[in-house]
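Below, each chain spelled out in residue letters.
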Amino acid sequence: DYFRWMLFVVGYYRSIRKIDSAIALLQDFLNKRMADGEKKAHCQLALGQIATDDQRIEAALEHFRAALDCDPKKKKLTYVIHNNIGYCLNRLALYKDAEKHCRMAIGVNWKRASGYRNLGISLQGQGDLTGAAWAFVEAVKLEVSDERARALLEKFVAEHPAMVVRCPWIVQGLYPDLSKPEALPV
């Protein structure tokens, strides 16, 4: 179907750095086609991701909000949109608003690490260090191979070393293998 083909081509254009062509395809679809809300949300999401890649955070936020306004029904899409809004709001230091969207993303799918990573950033930005530590640890536990989550947790501990004493469970996030019986020293 045309829509899937178009998204494939948009992805290809992004990969070869033909961003103007990708944007033109998405804008054309939004302007000329009577698309349902789900397809419009996908287009706005893609436009927001392109803007994020270009570090145009305010423009990205507008696209992500427009995607949310399309009232998407698919949970995966809703999760990604809320999480991306949270990411953008964090980048703009609007941490309280970011927290709201991160929690909404986690409410849609609590098994994805990126929502917890962004929640940790928003909580840390608000001065809730225990909450931030918890969110970073959850991100690491959900996706042990996620180097971004581990790096955020390591940076957090380097900036707030007393938190390891206050919240000893942080060690589980820093050293997840220690929680496995076979990793314990004999």
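Anything mentioned here points back to the structure above.
Here goes a summary of the coordinates provided.

About the criteria used
- Residues numbered from 1 in each chain as written.
- Predicted model: local features only at pLDDT ≥ 70, side-chain atom pairs only at ≥ 80, totals over all residues.
- Heavy atoms only, no water.
- Phe/Tyr/Trp six-rings, centres within 6.5 Å; stacked < 30°, edge-to-face > 60°.
- Axes fitted to C-alpha atoms, helices over the stretch in contact; angles between N-to-C directions.
- Helix = DSSP H or I, 4+ residues; strand = E, 2+ residues; numbered from the N terminus.
- Parallel < 35°, antiparallel > 145°, perpendicular 65-115°, else oblique.
- Left-handed = near helix turned anticlockwise from the far one by under 90°.
- Contact = heavy atoms within 4.5 Å.
- Nonpolar A, V, L, I, M, F, W, Y, C, P; charged D, E, K, R; others polar.
- Buried < 20%, exposed > 50% of the residue type's maximum accessible area, 1.4 Å probe, protein only.
- Salt bridge = Lys/Arg side-chain N within 4 Å of Asp/Glu carboxyl O.
- Polar contact = N/O pair within 3.5 Å; in protein donor to acceptor, adjacent residues only side chain to side chain.

1. Some details on the packing of aromatic side chains
Part 1: Throughout the structure, instances matching the rule amount to six aromatic pairs.
Part 2: Centre to centre, the rings of Tyr12 and Tyr13 are 6.2 Å apart; their planes meet at 45°, and the pair counts as tilted.
Part 3: Pairwise contacts between aromatic rings join Tyr2, Phe3, Trp5 and Phe29 into one cluster.

2. A closer look at the packing of helix α3 (residues 37-53) against helix α5 (residues 75-91)
Part 1: Between α3 and α5, the shortest axis-to-axis distance is 11 Å and the interhelical angle comes to 30°. As far as their axial angle goes, α5 and α3 are roughly parallel. In the crossing of α3 with α5, the sense of the turn from one axis to the other is left-handed. Contacts from Glu38, Ala41, His42, Leu45, Gln49 and Thr52 of α3 reach α5 at Leu77, Val80, Ile81, Asn84, Tyr87 and Cys88.
Part 2: When the residues that make up the contact of α3 with α5 are grouped by side-chain class, the tally is seven nonpolar, four polar and one charged.

3. Thoughts on the environment of Ala46
Part 1: Among the structural elements, Ala46 can be located in helix α3.
Part 2: A relative accessible area of 8% places Ala46 in the buried class.
Part 3: Once the C-alpha coordinates of Ala46 and His101 are considered, the two residues, 55 residues apart in sequence, prove to be 18 Å apart.

4. Re the pattern of salt bridges
Part 1: All told, the structure shown has 10 salt bridges when counted by the stated rule.
Part 2: Among the salt bridges present, the one from Glu99 reaches Arg103, with a minimum N-O distance of 2.8 Å. Of this pair, Glu99 and Arg103 both sit in helix α6 (residues 95-108), four residues apart, roughly one helical turn.
Part 3: With a closest N to O distance of 3.8 Å, Lys155 and Glu159 form a salt bridge. Taken together, the residues Lys155 and Glu159, both in helix α9 (residues 147-159) and four residues apart, mark about one turn of the helix.
Part 4: Judged by its relative accessible area of 52%, Lys155 is exposed.
Part 5: Ionic contacts of the salt-bridge type, sharing partners, join the residues Lys96, Glu99 and Arg103 into one network.

5. Brief notes about the side chain of Asp146
Part 1: If you trace the backbone, Asp146 turns up in the loop between α8 (129-142) and α9.
Part 2: Polar contacts involving the side chain of Asp146 include one to the side chain of Arg117, which spans 2.4 Å.
Part 3: What Asp146 contacts, discounting residues up to four positions off in sequence, is Ala113 and Arg117.

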